[in-house]
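Architecture at a glance
Listed below, chain by chain, are the residues.
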There are 2 protein chains.
Amino acid sequence: MDGNQFEMTLAKSTFNKLKNIVGKSNCSMAKEDLACYAYDANVKGQLPEAVVFPGTKDEIAQILKLANVEHFSVIPRGSGTGMTGGSIPLNGGVVVVMSRFNRILNIDKDNLVAFVEPGVITGRFQEVVERQGLFYPPDPSSADYCTLGGNLAECSGGPRAVKYGVTRDYVLGVEVVLATGEIIRAGVQTMKGVVGYDLTRLLIGSEGTLGIITSITLKLLPLPEAVKTMTAVFNKIETAAQTVSEIIRCRIIPRTIEYMDNASIRCAESYLNAGLPTDAEAILLIEVDGSKIEIDDTVKHLRIICLESGAASFTVAESEDEAADLWKARKAISPSLFTYGPDKINEDIVVPRNKIPDVVKKIDALRLETGLQIVSFGHAGDGNIHFNIMLDKKNKDDLKKAQIAVESLFEFTVELGGTISGEHGIGTAKAPFMSKELGQNELDLMKRIKNLFDPNGILNPGKIFPVETT
Amino acid sequence: MDGNQFEMTLAKSTFNKLKNIVGKSNCSMAKEDLACYAYDANVKGQLPEAVVFPGTKDEIAQILKLANVEHFSVIPRGSGTGMTGGSIPLNGGVVVVMSRFNRILNIDKDNLVAFVEPGVITGRFQEVVERQGLFYPPDPSSADYCTLGGNLAECSGGPRAVKYGVTRDYVLGVEVVLATGEIIRAGVQTMKGVVGYDLTRLLIGSEGTLGIITSITLKLLPLPEAVKTMTAVFNKIETAAQTVSEIIRCRIIPRTIEYMDNASIRCAESYLNAGLPTDAEAILLIEVDGSKIEIDDTVKHLRIICLESGAASFTVAESEDEAADLWKARKAISPSLFTYGPDKINEDIVVPRNKIPDVVKKIDALRLETGLQIVSFGHAGDGNIHFNIMLDKKNKDDLKKAQIAVESLFEFTVELGGTISGEHGIGTAKAPFMSKELGQNELDLMKRIKNLFDPNGILNPGKIFPVETT
């Protein structure tokens, strides 16, 4: 995994070989094409040397075999909506875009199983299965753009993970081209299966460093009969945080408990004019699902818990449109943050749910210490808080302060029994912080697994593990 | 992983070193002690050379380090209730019994998380959490005896997997002593976490071949408010199988849909006198849970589906005692089977749920072909059928016929898109059949992972992968 072993300029002869593999119209070395593949949703990378759009697993196998022989790096990419740099080139290399793997192969209603290609857009897949009365719960905020393959690579979560778990919990099996070019099928098509090691879940969340996913078998659920969306508004942020714990303590698992702090509320409101209470210190956006008869009862119970815990108000959305507007506001936070500054340092921590009040206090302290705008929101129901420091990175002083704040929050998170990445992966952005959470034994073992799968270090180098300079 | 590299007699000096590690009262080389550790619930192994009962992870690390230096094999063991030989010695070696790791360390009601040691009995853990209004769904039939560590090693399932998934779905993190003696912590204590490769799930289902689990962090759920248990009786076995598909097609996911064929029913009845209809071709034992208000509605719906699909009768248990009696009958099948013959070949296949009628027909055909008693029952709701051939293994003709029938059923299962092991693991019993389901690439990769974790092949040799004779 020595990043320096790669030539920074792909030989013309190598590109010709790639062209022979994928076809002339499915590859490019033109700067204007390459420019599109140097970024993800949060991290700036470098220009790749070439981009290819393979159409079959065999083409991918040939590309990877060639990469091992001619020593270029290969960077797999879905829609590039990741937040930690998992899909960006670091030192040239060839970006493999999976957009042609965009077919929903089969939705098996008898068995509640779907067979899909990795380039299928998550939101489109959700729509298609919901039209058939079925349900695919994982819902990353980027669902309208991101791909299922990318979701697997990062083990994406989203608001509904509180009740339904994350991407990992819905993958029964995968077909993968390993870094060496070998093709394997891992997992099963059935609800259970324990034949040998769990390669499926080893590949999920491996951020394209072990193999390239070419086919996915997903578990589906019946679509819940009814959904209710509600908001609880709080004058004190600590009260909101404590209410999350109280809901869980009362053994209610809503399908989402989203949290927005005052800065998030103002941001979303200025963007959307949705009528959010901009003077509130926090809002919880709660959603429950189930049978019609059951959720009315749950909503009653939630109203009592929220008001008794100190909510200033509790409102249930009257219609699907009203609920959709609330979600629009929630999803507007991330893009609207740039009103606070041209740059964003976006983190994604998780703590045990009853530690959210501690995190809220810590973030307040960091806001005071740094003098920077810090916005926090996220999936409070599972303890997953997105923490955003807004700044101008050209201001080196502010950048330094922000970096110190991030490090301090990570250390605090780990002390609380939490993790430094809930659903955004490690990529390049968090690679320097791996040792805050993992010990040397764990890191060494992971590196040895990486070397076992990818002995020449050609696949997505520099991700998860920082590139070591020799 | 060459089984022949191990001395069949543990040197006295090695035993003395083991004694120094675990203490005199926690180890033995006495034949009468060793005899207890040569079996699991289904497979006869050989006598180990020694048995040790370590009390700390550091003792386990020392044992494994010693094994690597002095070349003896180490066989980890919970309660030995496995069905495929995962915990039995094959060529001597030292059995490491985890019974002293029997503490429930903490049940965190605020966060719905439990911290336990691997030697805790699953059923005891379930009782303790249920008394606190919480719920640990995985429920292998051996729950009264098996350990949570063993459940992780095999990725146990059970009836409730239909709705709630298997052991894998409830493990947030583990502490493990690797085969080399290194100690690692994998996973998290939180609901989400994606820091590096998913070592937790690589270890789950690895049948004690990669490391020895010393601590477990489990996710809990709120205990469902109410449970209803019901039976549907069928005069035609195909109708019962089709009804399972119909329930799923109607998008109802009960927490269990257990299936018993006529031979199972008669067996359980002769054992228990529970009043089961011994002339029925099949019974489905269905259980639903949720809020009180919701499940009454679901039961009504299930009654309509079952009767319209052709059930001869549909009965809801009137009381908890009545429901408990039904489960007692279901759980009696496995031990009562020996009325049909002194030996049992027990298999555990899974097919897509709508293929259960095909499996039922295939089993009928095999019954005719072999002339042997074949009993099938299991977790029809997730397509998981336990298939038992009863025979006297001393009758070589019958044994041969049974082996051919098993092989034929495995091939048929894989053709249907199924798997040859749903929840029993591979152990030694299914190791010869791995290539029926996996290709050479997958098998090679798994072996390379085994070698990475256990370069000297000291940990549970001969499991999953047959011992290669050189």
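In this text the structure is predicted, and so the values were computed from the model without any measurement. All residue numbers here refer to positions counted from 1 along the written sequence of the relevant chain. Naming scheme: in the order in which they are written, chains are lettered from A and ligands are numbered from 1. A pLDDT threshold of at least 70 governs which residues receive local features in this predicted model, and a stricter bar of 80 or more applies before side-chain atom pairs are shown or counted, although totals over entire chains, interfaces and linings include all residues. Side-chain measures here rest on the full set of heavy atoms in the structure, leaving out hydrogens and waters.

1. Details of the overall build of chain A
- Scanning chain A for helices and strands turns up 15 helices and 18 strands.
- Along the first, second and third principal axes, the C-alpha set of chain A runs to 70 × 60 × 45 Å.
- Buried means the residue's accessible area, taken with a 1.4 Å probe over protein chains only, is under 20% of the maximum for its type, while exposed means over 50%, and partly exposed covers the values in between. Residues counted as buried form 64% of the 470 residues belonging to chain A.
- Contacts are residue-level and defined by heavy atoms, with any inter-residue pair within 4.5 Å sufficient. Residue pairs in contact within chain A that sit at least 24 positions apart in sequence constitute 72% of those at least 6 positions apart. Labels follow the DSSP assignment, with helices taken as runs of H or I lasting at least four residues and strands as runs of E lasting at least two, numbered in each case from the N terminus.

2. Quick look at the domain arrangement of chain A
All names here are of chain A.
- Looking at the assigned domains, one finds that chain A contains domain 1 (3-98), domain 2 (104-222) and domain 3 (226-415).
- Residue ranges labeled as domains rest on an automatic or database domain assignment. Here the C-alpha centre of domain 3 lies 28 Å away from the C-alpha centre of domain 2.
- Between domain 2 and domain 3, the contact holds 9 residues from the first and 14 residues from the second.
- Between domain 2 and domain 3, the buried area comes to about 950 Å², and carbon and sulfur atoms account for 55% of it.
- The term buried area means the drop in 1.4 Å probe accessible area that two parts suffer when joined, counted for both and summed. Of all residues in domain 2, Pro159, Val162 and Lys163 give up the largest surface area on contact with domain 3, accounting jointly for 58% of the area buried on that side.
- Salt bridges, as used here, are contacts in which a Lys or Arg side-chain nitrogen is within 4 Å of a carboxyl oxygen on Asp or Glu. Where domain 2 packs against domain 3, one counts 1 salt bridge.
- Of the charged contacts in the structure, one is a salt bridge between Lys163 and Asp289, with a shortest N-O distance of 2.7 Å.
- Among the elements that take part in the side of domain 2 that touches domain 3, helix α6 (residues 161-164) stands out by supplying 4 residues, more than any other.
- Basically, the charged four are Asp, Glu, Lys and Arg, the nonpolar ten are Ala, Val, Leu, Ile, Met, Phe, Trp, Tyr, Cys and Pro, and anything else, Gly included, counts as polar. Here the residues of the side of domain 2 that touches domain 3 sort into 5 nonpolar, 2 polar and 2 charged.

3. Regarding empty space enclosed by the protein
- A pocket, in this scheme, is an open set of points on a 1 Å grid over the protein atoms alone with protein on both sides within 12 Å along at least 5 of 7 lines, while a cavity is a set where a 1.4 Å probe fits but cannot get out; residues line either one if an atom lies within 4 Å of a point. Grid points are joined across faces, edges and corners, and a volume is the space filled by probe spheres set on the points. Under the definition given, this model contains 5 cavities of 30 Å³ or more.
- Put simply, the largest cavity is a space of about 260 Å³.
- Lining the largest cavity we find 25 residues, and of these Arg168 of chain A together with Gly187, Gly193, Val194 and Val195 of chain B sit closest to its centre.
- Elements that contribute at least two residues to the lining of the largest cavity include exactly α15 (440-453) of chain A together with β9 (183-187) and α7 (199-203) of chain B.
- Looking at the lining of the largest cavity residue by residue, the class counts come to 12 nonpolar, 6 polar and 7 charged.
- Approximately 40 Å³ is the volume attributed to the second largest cavity.
- Counted by class, the lining of the second largest cavity contains 5 nonpolar, 1 polar and no charged residues.

4. Re the relation of the copies chain B and chain A
- By a simple turn and slide, chain B fits onto chain A: the slide is 0.0 Å along the axis, the RMSD is 0.0 Å, and the turn is 180°. The operation mapping one copy onto its partner corresponds to a two-fold rotation axis. Overlaid copies result from least-squares superposition on C-alpha atoms, with residues included only where pLDDT is at least 70 in both.

5. Examining the nonpolar core
- In plain words, nonpolar cores are sets of buried Ala, Val, Leu, Ile, Met, Phe, Trp, Tyr and Cys residues tied together by side-chain atoms within 4.5 Å. Counting residues in each nonpolar core, the largest one holds 199 residues, and the members touching the most others are Phe125, Ile449 and Phe453 of chain A together with Phe125, Ile449 and Phe453 of chain B.
- Every residue in contact with Phe453 of chain B, bar those within four places of it in the chain, is listed here: Leu445 and Ile449 of chain A together with Leu178, Ala179, Thr180, Leu202, Leu203 and Leu210 of chain B.

6. Section: the sheet that holds β9 of chain B
- A sheet is described by the order of its strands in space; here 5 strands give the open sequence β5-β6-β10-β8-β9 (chain B), paired in antiparallel fashion. Taken across any chain shown, the strands that pair with only one partner, and hence form the sheet edges, are β5 (104-108) and β9 of chain B. Put simply, the sheet's adjacent strands are angled 15° from each other on average, direction ignored.
- Those strands touched by α15 of chain A are β8 (171-178) and β9 of chain B, and its axis lies near 75° from that of β9 of chain B. Note on pairing: two strands pair once DSSP finds at least 2 bridges between them. The axes are straight lines fitted to the C-alpha atoms, using for helices just the contacting stretch, and the angles between their N-to-C directions are given from 0 to 180°.

7. A closer look at the confidence of the model for chain A
- The pLDDT score gives, residue by residue, the confidence of the prediction method on a 0 to 100 scale. With 98% of its residues at a pLDDT of at least 70, chain A reaches an overall mean of 94.
- Note that pLDDT drops below 50 for residues 1-7 of chain A; the model gives that stretch 26 contacts with residues more than four away or on any other chain.

8. Focus: the packing of aromatic side chains
Residues and elements named next belong to chain A.
- Each aromatic pair joins two rings of Phe, Tyr and Trp (for Trp, the six-membered one) with centres within 6.5 Å, and gets the label stacked for planes under 30 degrees apart, edge-to-face for over 60, and tilted for any other angle. Across all of its chains, the model carries 12 aromatic pairs over all chains by this definition.
- Seen in terms of ring centroids, Tyr37 and Phe53 are 6.1 Å apart; in terms of plane orientation they differ by 70°. Their pairing is edge-to-face. Separated by 16 residues along the polypeptide, Tyr37 in the loop between α2 (31-34) and β2 (50-52) and Phe53 in the loop between β2 and α3 (57-70) bring together distant segments of the chain.
- Judged by its relative accessible area of 17%, Phe53 is buried.
- Taking the centre distance of 5.3 Å and the plane angle of 70° together, the rings of Phe125 and Tyr136 count as edge-to-face. Within this pair, whereas Phe125 is found in helix α4 (residues 122-131), its partner Tyr136 is found in the loop between β7 (134-135) and α5 (148-154), the two being separated by 11 residues in sequence.
- For Tyr136, a relative accessible area of 0% corresponds to the buried category.
- One aromatic cluster is present, formed by Phe125, Tyr136 and Tyr170 through successive ring pairs.
- For a Lys NZ or an Arg CZ to count as sitting over a ring, it must be within 6 Å of the ring centre and within 35 degrees of the ring normal. Lying over the aromatic face of Tyr170, Lys219 brings its terminal NZ or CZ to 6.0 Å of the ring centre.

9. Description of the sheet that holds strand β9 (residues 183-187) of chain A
- Judged by pairing direction, the sheet is antiparallel, and its 5 strands sit side by side in the order β5-β6-β10-β8-β9 (chain A) without closing on themselves. In this open sheet, the two strands that pair with only one neighbour each are β5 (104-108) and β9 of chain A. Pairs of neighbouring strands in the sheet enclose a mean axial angle of 15°, with direction left out of account.
- Sheet topology places strand β6 (residues 113-116) of chain A next to strand β10 (residues 211-219) of chain A; 4 bridges connect them, and they run antiparallel. Counterpart to Phe115 of chain A in the pairing with β10 of chain A is Thr217 of chain A.
- In the packing of α4 of chain A onto the sheet, contacts are made with β5, β6 and β10 of chain A, and the angle to β5 of chain A comes to roughly 35°.
- Relative to the sheet, helix α15 (residues 440-453) of chain B contacts β8 (171-178) and β9 of chain A, its axis offset from that of β9 of chain A by approximately 75°.

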